[in-house]
Amino acid sequence: MQTLRDDTFQTITSLMREQAGLHFTDSKKPLVSSRLGPRLQHLGVASFEDYVGMIMAPAEGGDGDNGSELQVAIDLLTTNETYFFREPAHYELIENEVKRDKPKTLSVWSAAASYGDEAYSLAMLFADLQKQGRLGDQWSLLGTDISDRVLRGAVQGVYPQDRLRAVTPERLHRYCWHGEGAAEGLVQITPKLRERVRFGRLNLCHPIEDLGPFDIVLLRNVLIYFDAATKREVVDRVLTQLKPGGLFFIGTAEGRVACNTPLQPLAPGAFRKLAT
Ligand SMILES: C[S@@+](CC[C@H](N)C(=O)[O-])C[C@H]1O[C@@H](n2cnc3c(N)ncnc32)[C@H](O)[C@@H]1O
């Protein structure tokens, strides 16, 4: 495996910070080396210095970072861990709010969607609430992420069973197809549920074109990768897409969120956007 020099590590981390807001401290050098090293070998690139040259080269076709080696590097350096009904207290809060308000419409954004587990968990919840007459049929979800790789997985909606360990047997039966033979151990979200969720690429560190406004926005377990200034910018940018009175979530382990938008704390990682 090639050696990652300190100065080259700094070049890579600066680039990742500029392009994706990703913040790597010096202690993350082994992680960066181990995630990018196999890619160098796969491409037959002799050194990390040569690889830096590749990721800094403009993308063919001129469409920014999409489709370039830079995008591949971002994909490799982002951590995409996620699973269904992660941090269940947030789902309970959303469920109680919907049961109380019985909205006719509901528009929700999963802003660091990874493989879509969060968006499809919400889709299962909303489909159940609609069935119970607590929610109208005009509900929809948008899942966005910087990584094309995870978004491709999200659109397919195929998962190892273990990722759905917190899904009730009724929901597994109602909303999933279960693989057999070569697909044993895999489940796929049913087309009816999948069609409720759209996925698209969005870099939270770039200006956001009009997406919303949404009733609920989840920005969970992504802020941990940004430095303090980027966190604040990202949170305020994302909150421009949330309706006043709407619910906003970050990961429960992500601490207090610093931002300029007024928020009312509801529970760990859960807030209501106040009218300004
Ligand atoms: C750990 S996952 C969180 C998934 C889900 N929200 C959850 O809580 O289970 C973090 C996701 O943030 C995405 N991400 C990292 N930097 C990003 C950026 N600048 N813009 C958009 N997404 C980003 C990563 O690709 C990754 O899929």
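Rules and cut-offs
Residues numbered from 1 in each chain as written. Predicted model: local features only at pLDDT ≥ 70, side-chain atom pairs only at ≥ 80, totals over all residues. Heavy atoms only, no water. Near = heavy atom within 4 Å. Polar contact = N/O pair within 3.5 Å; in protein donor to acceptor, adjacent residues only side chain to side chain. Areas by Shrake-Rupley, 256 points an atom, 1.4 Å probe, with all protein chains shown as cover. Nonpolar A, V, L, I, M, F, W, Y, C, P; charged D, E, K, R; others polar. Phe/Tyr/Trp six-rings, centres within 6.5 Å; stacked < 30°, edge-to-face > 60°. Helix = DSSP H or I, 4+ residues; strand = E, 2+ residues; numbered from the N terminus. Buried < 20%, exposed > 50% of the residue type's maximum accessible area, 1.4 Å probe, protein only. Lys NZ or Arg CZ within 6 Å of the ring centre and 35° of its normal. Pairing = 2+ DSSP bridges. Axes fitted to C-alpha atoms, helices over the stretch in contact; angles between N-to-C directions.

**Focus on the site of the ligand**
Looking at the ligand, there are 23 residues lining it, with Ala20, Thr82, Arg86, Asp145 and Asn221 nearest. In this structure, glutamate 118 approaches the ligand through a side-chain N or O atom, which is 3.2 Å from a nitrogen atom. Look at the ligand: alone it shows 610 Å² of surface, and the protein chains cover 99% of it. In the shell around the ligand, the residues fall into 10 nonpolar, 8 polar and 5 charged.

**Some points on the packing of aromatic side chains**
Within the structure shown, the criterion is met by 7 aromatic pairs. With a centroid separation of 5.0 Å and 85 degrees between ring planes, the pair formed by phenylalanine 84 and tyrosine 159 is classed as edge-to-face. Residue phenylalanine 84 is found in the loop between helix H4 (69-77) and helix H5 (88-101), and its partner tyrosine 159 is found in strand E3 (residues 158-160); the two are separated by 75 residues along the sequence. Neither residue differs from the other here; phenylalanine 84 and tyrosine 159 are each classed as buried. On the numbers, 5.7 Å between centres and 65 degrees between planes, the contact of phenylalanine 126 with tryptophan 139 is edge-to-face. Of this pair, phenylalanine 126 sits in helix H6 (residues 117-131) while tryptophan 139 sits in strand E2 (residues 138-145), and the two are 13 residues apart along the sequence. By the burial criterion, phenylalanine 126 is buried, and tryptophan 139 matches it. Through pairs of rings, three or more aromatic residues link up here, namely Phe84, Tyr120, Tyr159 and Phe199. Residue placement shows arginine 165 over the ring face of tyrosine 83; its charged tip is 4.5 Å from the ring centre.

**Looking at the sheet that holds strand E4 (residues 176-178)**
The strand order across the open sheet formed by 3 strands is E3-E5-E4, and the pairing between neighbours is antiparallel. Looking at strand neighbours, the two that pair on one side only are E3 and E4, the edges of this open sheet. Going across the sheet, the axis of each strand differs from the next one's by a mean of 30 degrees, ignoring polarity. With 3 bridges connecting them, E3 and strand E5 (residues 186-189) associate as antiparallel partners. Opposite tyrosine 159, over in E5, you have valine 187 as the bridge partner.

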